[in-house]
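Working through the structure, step by step
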Amino acid sequence: MKEYISANVYCKRQFDRKVYKLAMSAATTCPNRDGTIGVGGCTFCSAGGSGDFASAENLSIAEQIHQAKAILGAKGEGLHYIAYFQSYTGTYGDLAHLERIYQQAADHPEIVGLSIATRPDCLGQDALAMLRRLAEKKPLWVELGLQSIHPETAKRINRGYELPVYEKAMADLAEIGVHRITHVIFGLPGESREEMLETVQYVGQRTDGIKLQLLHVLKGTALAESYARGEFVTLDPQIYYELVADALEILPKEVVVHRLTGDGAKKDLIAPLWRGDKKRVLVDLNRVLQRRGIRPAVC
């Protein structure tokens, strides 16, 4: 029997309680969109910078927290939360302004931790110093979108940085003592099953946590144009479920699994349409994991 540490278990161990993540916005942008590194962003990235469920960026932090709690409804009442700044690049731009935003979230009495998504190439010394100060105030997670270790894939998805940049970022973040989470996408155009699992194997030796994501084709992206031209196909559900099981089997037991799949905004989802039925996906995925003898650890 193979056990893995889920995000829920990790949070209960770290915070001694169930914790929900509140999707928030720091109104950032991305160097891969504004011309600094490139334009258009990664080919799969939505107009919302992969933060489609975040609160409106024109709201104050207190208002965003209130709004995000309201979306959770009754299940989130009376709990504590992680302020999750997912959209675009959380360490790019006016760092003094960003730090004020993050500090406001950290100061909120119901916020027990912060999670900031960014790019490995946006972790210069000033950004690292900011993250260090935040980590001294509240537990801090830093999420990096690697997606794949393979150079040709990186070019195809317009990632904009090479693998050694990720390696340096992981080493720098380790010195700060933050919880490092790496995003990996299954089903990127041109990748074989073996290449996807090579990425998982590599990441598992370097990260504290991982998010496994099914490739979504979303409206308004460069990937959608490629899909419309018939240049690639998306994964069938059974293939994806078995890939997730394969990944969990090879990951070191101490790596926290923060995501086994992901949500795309249904209104923007072009493919794979089977992903739109979240409950069915989770039931079928768990069935495969049970058959393979894989289960989440318990507290």
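Reference entry: report on the structure contained in this document.

How each quantity is defined
Residues numbered from 1 in each chain as written. Predicted model: local features only at pLDDT ≥ 70, side-chain atom pairs only at ≥ 80, totals over all residues. Heavy atoms only, no water. Axes fitted to C-alpha atoms, helices over the stretch in contact; angles between N-to-C directions. Helix = DSSP H or I, 4+ residues; strand = E, 2+ residues; numbered from the N terminus. Left-handed = near helix turned anticlockwise from the far one by under 90°. Contact = heavy atoms within 4.5 Å. Nonpolar A, V, L, I, M, F, W, Y, C, P; charged D, E, K, R; others polar. Core = buried A, V, L, I, M, F, W, Y, C linked by side-chain atoms within 4.5 Å. Buried < 20%, exposed > 50% of the residue type's maximum accessible area, 1.4 Å probe, protein only. Pairing = 2+ DSSP bridges. Expected span 1.5 Å × (residues − 1). Arc of directions from axis to C-beta. Phe/Tyr/Trp six-rings, centres within 6.5 Å; stacked < 30°, edge-to-face > 60°.

Description of the packing of helix 7 (residues 193-204) against helix 9 (residues 237-250)
Two elements in contact, helix 7 and helix 9, have axes whose closest approach is 10 Å; the angle formed by their N-to-C orientations is 35 degrees. Crossing of helix 7 against helix 9: the hand is right-handed. For the pair formed by helix 7 and helix 9, the contact residues are R193, M196, L197, V200 and Q201 on the first element and L243, D246, A247 and I250 on the second. Counted by class, the contact of helix 7 with helix 9 contains 6 nonpolar, 1 polar and 2 charged residues.

Brief notes about the nonpolar core
Formed by 65 residues in total, the largest nonpolar core has its most connected members in Y102, L131 and F186. The leading source of residues in this core is helix 9, at 7 residues. Excluding anything up to four places from it in sequence, L131 contacts T91, I116, L123, L140, V142, L173 and I176.

Some details on the sheet that holds strand 9 (residues 256-259)
If you trace the 9 strands from one edge of the open sheet to the other, you get 2-3-4-5-6-7-9-1-11, paired in parallel fashion. Of all the strands in the sheet, the pair left with one neighbour each is strand 2 (19-24) and strand 11 (294-296). When the angles between neighbouring strand axes are averaged without regard to direction, this sheet yields 30 degrees. Pairing geometry for strand 1 (residues 2-6) and strand 11, over 3 bridges, is parallel. Note on strand 11: the bridge partner recorded for K2 is I294. Its contacts with the sheet place helix 2 (residues 61-72) against strand 2, strand 3 (80-85) and strand 4 (111-118), and it is angled at close to 125 degrees to strand 2. Together, strand 4 and strand 5 (140-147) form the strand contacts of helix 4 (residues 125-137), whose direction differs from that of strand 5 by roughly 135 degrees.

Structural notes on unusual backbone geometry
With an omega dihedral of -5 degrees, the bond running from A271 to P272 counts as a cis peptide bond. For P272, the location among the structural elements is in the loop between strand 10 (269-271) and helix 10 (278-291). Located in the positive-phi region is Y88, a residue other than glycine, with phi close to 55 degrees. With respect to the helices and strands, the residue Y88 is situated in the loop between strand 3 and helix 3 (95-107).

Notes on helix 4
Along its 13 residues, helix 4 runs 19 Å from first to last C-alpha, staying within 8% of the 18 Å computed at 1.5 Å per residue. The complete set of buried residues in helix 4 reads A127, L128, M130, L131 and L134. Down the axis of helix 4, the buried side of the element spans an arc of 155 degrees, and every buried residue falls inside it. Set apart from the buried face of helix 4 by more than 90 degrees, the exposed residues are Q125, D126 and E136. Here the buried face of helix 4 lies against helix 3, strand 4, strand 5 and helix 6 (163-176).

Re the packing of aromatic side chains
Evaluated as defined, the whole model comprises 7 aromatic pairs. Here F85 and Y102 contribute two aromatic rings whose centre-to-centre distance is 4.9 Å and whose plane-to-plane angle is 65 degrees, an arrangement assigned as edge-to-face. In this pair, F85 is assigned in strand 3 and Y102 in helix 3, connecting sequence segments 17 residues apart. Looking at F85, the relative accessible area reads 3%, which means it is buried. Residue classification places Y102 among the buried positions, given a relative accessible area of 1%. Taking 6.5 Å as the distance between ring centres and 50 degrees as the angle between the ring planes, the aromatic pair formed by Y240 and W274 counts as tilted. Linking Y240 in helix 9 with W274 in the loop between strand 10 and helix 10, this pair joins segments that are 34 residues apart in sequence.

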